[in-house]
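Structural characterization, general
Chain by chain, the residues:
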Amino acid sequence: MRKILAVIKREYLQIVKTKGFIIGTILGPVLMSLFLIVPILMSVVSVAEQENIGVIDVSGKLFAELDKKMEQKLKDGSRRYLLEEYRVTGDISQLKEALNEKVLAKELSAYLFLPTDISEGGEVEYISENVSDFDKTNNIRTALNSIIIGKRLKAEGLDPTKVGQLMSRVHLSTKKVSKRGVEEDTGGTFIISYFLVLVLYMTLIFYGQAIMRGVIEEKSSRVVEIVLSSIRPFQLMAGKIIGIGAVGLTQYTIWGLFGIGFTTYGGALIADVFPAAASFKIPSIPAYIFIYFVVFFILGYFLFSTLFAAIGSMVNTEKEAQQFMTPVIMMLVIPLLLILFIMRSPNSSISVILSMIPFFTPTLMLLRVCILFPPFIQVGGSIVLMALTTLLMIWLTAKIYRVGLLMYGKRPRIREIIKWMRYK
Amino acid sequence: MNALEINKVTKNFGDFCAVRDLSFNIPKGSVYGLLGPNGAGKTTTIRMVMNIIIPDKGTINVLGRNMDEEMKKRIGYLPEDRGLYPKMKIGELLLFFSELKGLKRAEARSRIDHWLERFDLADWKLKKAEELSKGMQQKVQFIATVIHQPELIILDEPFAGLDPVNTKLLKDFMLEMKDKGVTIIFSTHRMEQVEMICDNICLINKGEKVLEGNLNRIKKEYGKNTIVLDYEGEAKYIKDFAGIENIDDYGRFMEVKLKEGEDSQDLLQYLTGKIRINKFEVKEPTLNAIFIEKVGERNEKNSGGN
């Protein structure tokens, strides 16, 4: 046992001391929170300035109302849009030409051309150097819509305010019911499930490959037989897998602590610094989901890491490993393709069967736990099934690993690998 | 008492038989040479002694006990394929190897310092293995083999890839260990080293024992019918001599083995006047000649049988 401990310690320190690990562990959450915070900041910190907008109102009946509707204010209380009316005195195209000049000379940021037949479907033109300021065009569109629709309603003898009330939309509020009661859910479940499944997928691949690289390094540097003069191959494999797994848990712990800190204080902090963003809600991960996440990570990690260790022992270089890795990676990628399907019908019999397949269980059962907690017999059953499969894989891969470690030269064929398993 | 007893050990890899019914004993305190051509089964035998691979049949006793994992602490092993973790510092690396052998950290640290000092590597303790020259890495490997003060040392092709300086270092090191009473087994196909260092040998070929025993006795058994010849002239005259069993010709130098009962003086008389003889020495055969004769004989027998 003390020997395995020595291997665990070596593997752990070898990775934890690398720059890659330190940067990844610290930078991960920082980047993640930047992704959350920056868009909020961007929406709060407005860069708007006062703008002059010219209006050619051919009918002469719309300008006053439009001027009233476009009353958006800047932070200092002054109007954001200053509308100037240009009356049509002569040729319309000459007037447009003149206004184009003004736009190019930056005297106007834009101008509008309102034809007489707007009510009958005539097109309003918006002319500017920059036509992708959606905030501004949206404001104009809303204002004009309300004026024109109001006019049409009045023409039919209807009261626009009344119609507005009658036309008010139905609000659909999504609430999630579970054993703990009813909670409001505005898409948080979807984001969290997707996020957790992706993190699980990436860490399983990342740490699996770290193990594989470690085994290949031991083989290619020819250090492995010196190590085997002190311990059994199985002890070496176990120590390596546990040591690198401990690195994964360390990383999760750091991220988890950061996450808890962020969800607890982050919202208040943002609200403090930027009062305008106070309404922003940070989605939080319920504790039971986090526990299942760790359980499925540990199980999935043992299942896949033994496979990666066996692959590492079979080959001499990482390049040679590609061919053997493809089926293993496929088993991790297929569940990702099934995410949307499972989300739509988490309790359909296909979803149940798929999530019970041991290689898919870590991602798919976790997904089901996040969305709609499955009957416990299914969760428990999938965990037992996975544990049994993992034991079987450890037994098989240990046999391959033991022989493969001391095999140099040509990459073995499948038939040879099966033969290895029969060696005493 | 024997440091190692191998009894009727057989190991198959699929259809290939790597070691067949092999038995030999190694007396405690001796320097034992395990000889054989490439692919003879030396490394497989050694790996079975180290419990790295398990024999299909037979038993292996080490230092008076059945070989098991616990015994690994009492053995030092330098494999033929050897290396170091490239990214680890020398000090950490040796500490890791010591811990695997069950040494306490404090004890291991002082021994590491002692050995690094002795091999002129003290300044390299904090350097990564990949920064060391090949020769220095080999020294670190020697240290790793003996850091736990083993009673039995097994060296698989220890001289392969060593420069003359490290060759001498290792040879002196082996003799020093021998003086301390440590049993040393080493495998090689370089006969001149075996002749200089070993007390006992075992020659194996194609997984089977060909010859075993005390080196001096083996040489005596081969008798005084080997002649070393330093000559000038055409060698074909020598080959015509009827009483010759075997010739190992180097061009200007030749080792001749006579048939049983032949007199070396007849050969000398036969050669006089035909070639110029600078030296004519009757002696025991070199191990090299025995090796070539024995291995060659076997191979001919086998190919004849097929």
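Per chain, residues are indexed from 1 in the order of the written sequence. By the order in which they are written, chains take letters starting at A while ligands take numbers starting at 1. Under the rules for a predicted model, residues below a pLDDT of 70 receive no local features and side-chain atom pairs below 80 are neither given nor counted, while totals for whole chains, interfaces and linings still include all residues. Computation of side-chain values covers all heavy atoms of the structure but excludes hydrogens and water.

Considering the pairing of strand S1 (residues 2-13) of chain B
All names here are of chain B. As a reminder of what qualifies: Should DSSP find at least two bridges between two strands, the strands are regarded as paired. A run of DSSP states H or I qualifies as a helix once it reaches four residues; a run of E qualifies as a strand once it reaches two. Both are numbered from the N-terminal end.
Relative to strand S2 (residues 16-27), S1 runs antiparallel, the two being bridged by eight bridges. Bridge pairing in S2 places Asn 2 opposite Pro 27. Between the end of S1 and the start of S2, which pair antiparallel, lie two residues, with Gly 14 showing a positive phi angle near 65°. Where S1 lies against strand S4 (residues 57-62), five bridges are found, and the strand directions are antiparallel. Its bridge partner lying in S4, Thr 10 is registered against Lys 57.

As for the domain arrangement of chain B
Residues and elements named next belong to chain B. Just so we agree on the cut-off: Where a domain begins and ends is set by an automatic assignment or by a domain database. Residue contacts follow a heavy-atom distance rule, with two residues in contact if any of their heavy atoms lie within 4.5 Å. Here the buried area means the combined drop in accessible surface, using a 1.4 Å probe, for two parts upon being joined, counting both sides.
Domain boundaries assigned for chain B yield domain 1 (2-214) and domain 2 (220-305). Once you take the C-alpha centre of each, domain 1 and domain 2 turn out to be 36 Å apart. Every contact between the two is made by 14 residues of domain 1 and, on the other side, 11 residues of domain 2. For the pair domain 1 and domain 2, the summed buried area comes to about 1,100 Å², and 72% of that belongs to carbon and sulfur atoms. Its largest share of buried area at the contact with domain 2, domain 1 owes to Met 191, Glu 195 and Val 210, together 40% of the area lost on that side. Elements that contribute at least two residues to the side of domain 1 that touches domain 2 include exactly helix H6 (191-197), strand S9 (200-205) and strand S10 (208-214).

Here we look at the interface of chain A and chain B
Spelled out, the test is: For this analysis, a salt bridge means a side-chain nitrogen from Lys or Arg found within 4 Å of a carboxyl oxygen belonging to Asp or Glu. N or O atoms closer than or at 3.5 Å make up a polar contact, with two conditions inside protein: a donor-capable atom paired with an acceptor-capable one, and, for residues adjacent in sequence, both atoms drawn from side chains. Residue classes follow a fixed rule: Ala, Val, Leu, Ile, Met, Phe, Trp, Tyr, Cys and Pro count as nonpolar, while Asp, Glu, Lys and Arg count as charged, and any other residue, Gly among them, counts as polar.
Facing the 27 residues of chain A at the interface are 32 residues of chain B. Taking both sides of the interface into account, the surface hidden between chain A and chain B amounts to around 2,900 Å²; carbon and sulfur atoms contribute 56%. When residues of chain A are sorted by the area they lose upon contact with chain B, Glu225(A), Ile226(A) and Lys424(A) head the list and together hold 22% of the total. As a salt-bridge pair, Lys17(A) and Glu92(B) come within 3.3 Å of each other at their nearest N and O atoms. Between chain A and chain B we count 11 residue pairs in polar contact (both at pLDDT 80 or more) in total. Elements that contribute at least two residues to the side of chain A that touches chain B include exactly helix H1 (2-16), helix H7 (188-220) and helix H8 (224-228) of chain A. The greatest single-element share of the side of chain A that touches chain B, amounting to seven residues, is contributed by H1(A). Taken together, the residues of the side of chain A that touches chain B break down into 10 nonpolar, five polar and 12 charged.

A look at the nonpolar core
Selection criterion: To define a nonpolar core, start from buried Ala, Val, Leu, Ile, Met, Phe, Trp, Tyr and Cys residues and group those joined through side-chain atoms within 4.5 Å. A 1.4 Å probe rolled over the protein chains alone gives each residue an accessible area, and that area as a share of the maximum for its type sets the label: buried under 20%, exposed over 50%, partly exposed in between.
Membership of the largest hydrophobic core comes to 165 residues, with the highest contact counts inside it found for Leu236(A), Leu366(A), Val62(B), Phe96(B), Phe97(B) and Ile154(B). Here the element with the most residues in this core is helix H10 (residues 287-314) of chain A; it accounts for 15 residues. Setting aside its immediate chain neighbours within four residues, Leu236(A) contacts Val7(A), Glu218(A), Val224(A), Val227(A), Leu228(A), Ile231(A), Tyr401(A) and Leu405(A).

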